[in-house]
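# Descriptive structure summary
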Amino acid sequence: AQTVTQSQPEMSVQEAETVTLSCTYDTSESDYYLFWYKQPPSRQMILVIRQEAYKQQNATENRFSVNFQKAAKSFSLKISDSQLGDAAMYFCAYRSPNNNNDMRFGAGTRLTVKP
Amino acid sequence: DAGVTQSPTHLIKTRGQQVTLRCSPKSGHDTVSWYQQALGQGPQFIFQYYEEEERQRGNFPDRFSGHQFPNYSSELNVNALLLGDSALYLCASSPRMKGWETQYFGPGTRLLVL
């Protein structure tokens, strides 16, 4: 079974600086999808960025980018120019197209942004 | 365009009772997945519905059951509630069978079992 590991329970960053959140996963599949979701105190999970495993190019969405290392099964999220509104729980998730799209989440990383 | 909606937002029950949670998917989405998120943890997959049938199930007991209606909305039922069922229950919707499609999440229902 696929597992997702986020080894950093908490991270903090100074406003306007850059922070990287780590995620590793375990799978025997060659095709899959990876996601980073943000969950602010309001509880609603919001998609930050996604990556298809067959694409070598790292996904980028404005200040958010990923470092996808397929061989190492690593999928880190980089947040540039951090803003106070970035403070939230961040979850890494794995989704298999071969398993009826079951989504597996990591335990999350709580990001604090200091003014 | 309304996103995923869930009701109620909060619920308090006692052990042994039964509860029903509701979810309306995002417009254009026909697949609904339910997740349980215990405090301080990531969401755990409960089951997924499309075409009004349960298509896949996570590692949850039969006390957890669901239903999908012709308009794609869905219910999650939990019988014989245990203290350990206290959690945030999230509903997510997506177009059917497209793994690359993003799942959109609702705001969740916070269930407290006393």
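Higher on the page you've got the structure.
Quick caveat, the model's predicted, so the values are computed rather than measured.

### Structural notes on the interface of chain A and chain B
Counting from both sides, the interface comprises 20 residues of chain A and, opposite them, 28 residues of chain B. Summing the contributions of chain A and of chain B, the shared interface buries around 2000 Å²; its carbon and sulfur component is 44%. At the surface where chain A touches chain B, the tally comes to zero salt bridges. Breaking the side of chain A that touches chain B down by element, the ones donating at least two residues are strand 5 (33–39), strand 6 (46–52), strand 10 (88–95) and strand 11 (103–105) of chain A. Residue composition of the side of chain A that touches chain B, grouped by class: nine nonpolar, six polar and five charged.

### A closer look at the pairing of strand 6 of chain A
Residues and elements named next belong to chain A. Inspection of the sheet shows strand 5 paired to strand 6 by six bridges, in the antiparallel sense. Across the sheet, residue Trp-36 finds its bridge partner in strand 6, namely Ile-49. Joining the antiparallel neighbours strand 5 and strand 6 is a turn of six residues, in which Arg-43 adopts a positive phi near 85°.

### Considerations on the sheet that holds strand 1 (residues 5–7) of chain B
Residues and elements named next belong to chain B. Reading across from one edge, 1-3-8-7 is the order of the four strands in this open sheet, with antiparallel pairing throughout. With one partner strand each, in any of the chains shown, strand 1 and strand 7 (64–68) form the two edges of the open sheet. Taken over all neighbouring pairs, the strand axes of this sheet differ in orientation by 20° on average, direction set aside. For strand 7 and strand 8 (residues 74–78), the ladder comprises five bridges, and the chain directions are antiparallel. Note that in strand 8 the partner of Ser-65 across the bridge is Asn-77.

### A look at the side chain of Lys-38 of chain A
All names here are of chain A. Position of Lys-38 among the secondary structure elements: in strand 5. Among buried charged residues, Lys-38 stands out as having no salt bridge; its nearest opposite-charge side chain is Asp-86, 4.4 Å away. Reaching out from Lys-38, the side chain makes a polar contact with the backbone oxygen of Gly-85 at a distance of 2.7 Å. Aside from chain neighbours lying at most four places away, what touches Lys-38 is Gln-44, Met-45, Ile-46, Val-48, Gly-85, Asp-86, Ala-88, Met-89 and Tyr-90.

### Regarding the pairing of strand 4 (residues 31–37) of chain B
All names here are of chain B. Here strand 4 lies mainly inside the structure; seven of its seven residues are buried. Residues of strand 4 alternate between two faces, with Thr-31, Ser-33, Tyr-35 and Gln-37 on one and Val-32, Trp-34 and Gln-36 on the opposite face, all of them buried. Note: strand 4 against strand 5 (residues 44–50), five bridges, orientation antiparallel. By the bridge assignment, Gln-36 is partnered in strand 5 with Gln-44.

### Concerning unusual backbone geometry
With an omega of -10°, the peptide bond running from Ser-7 of chain B to Pro-8 of chain B counts as cis. Positioned with a positive phi, Asp-81 of chain A is a non-glycine residue whose angle comes to about 50°. Structurally, Asp-81 of chain A can be placed in the loop between strand 9 (74–79) and strand 10. Residue classification places Asp-81 of chain A among the partly exposed positions, given a relative accessible area of 41%. With phi around 50°, Glu-51 of chain B is a residue other than glycine that occupies positive phi space. Structurally, Glu-51 of chain B is set in the loop between strand 5 and strand 6 (53–57).

Rules used in this analysis
- Counting of residues starts from 1 at the beginning of each chain's written sequence and follows it residue by residue.
- For this description, chains carry letters from A and ligands carry numbers from 1, given in the order in which they are written.
- Note on the predicted model: pLDDT of at least 70 is required for a residue's local features to be given, and 80 or more for side-chain atom pairs to be given and counted; whole-chain, interface and lining totals, by contrast, use all residues.
- The basis for every side-chain value is the complete set of heavy atoms in the structure, and neither hydrogens nor water enter the calculation.
- In this description, contact between two residues means that some pair of their heavy atoms is separated by no more than 4.5 Å.
- A simple way to read buried area is as the amount of 1.4 Å-probe accessible surface that goes missing from two parts once joined, with both sides added.
- The salt bridge criterion pairs a side-chain nitrogen of Lys or Arg with a carboxyl oxygen of Asp or Glu, the two atoms within 4 Å.
- A run of DSSP states H or I qualifies as a helix once it reaches four residues; a run of E qualifies as a strand once it reaches two. Both are numbered from the N-terminal end.
- Any residue outside Ala, Val, Leu, Ile, Met, Phe, Trp, Tyr, Cys, Pro, Asp, Glu, Lys and Arg is labelled polar, Gly included; the first ten of those are nonpolar and the last four are charged.
- Pairing between strands requires that DSSP locate at least two bridges from one strand to the other.
- Note on definitions: angles span 0 to 180 degrees between N-to-C directions of axes, and those axes are lines fitted to C-alpha atoms, for helices only across the stretch in contact.
- The cut-offs for exposure are 20% and 50% of the maximum accessible area for each residue type, with area from a 1.4 Å probe on protein chains only; residues under the lower value are buried, those over the upper are exposed, and the others partly exposed.
- Positive residues here are Lys and Arg, negative ones are Asp and Glu, while His and the chain termini are left out of the count.
- Under this definition, polar contacts are N or O atom pairs within 3.5 Å; protein pairs additionally need one hydrogen-donor-capable and one acceptor-capable atom, and for neighbouring residues in sequence, both atoms have to be side-chain atoms.

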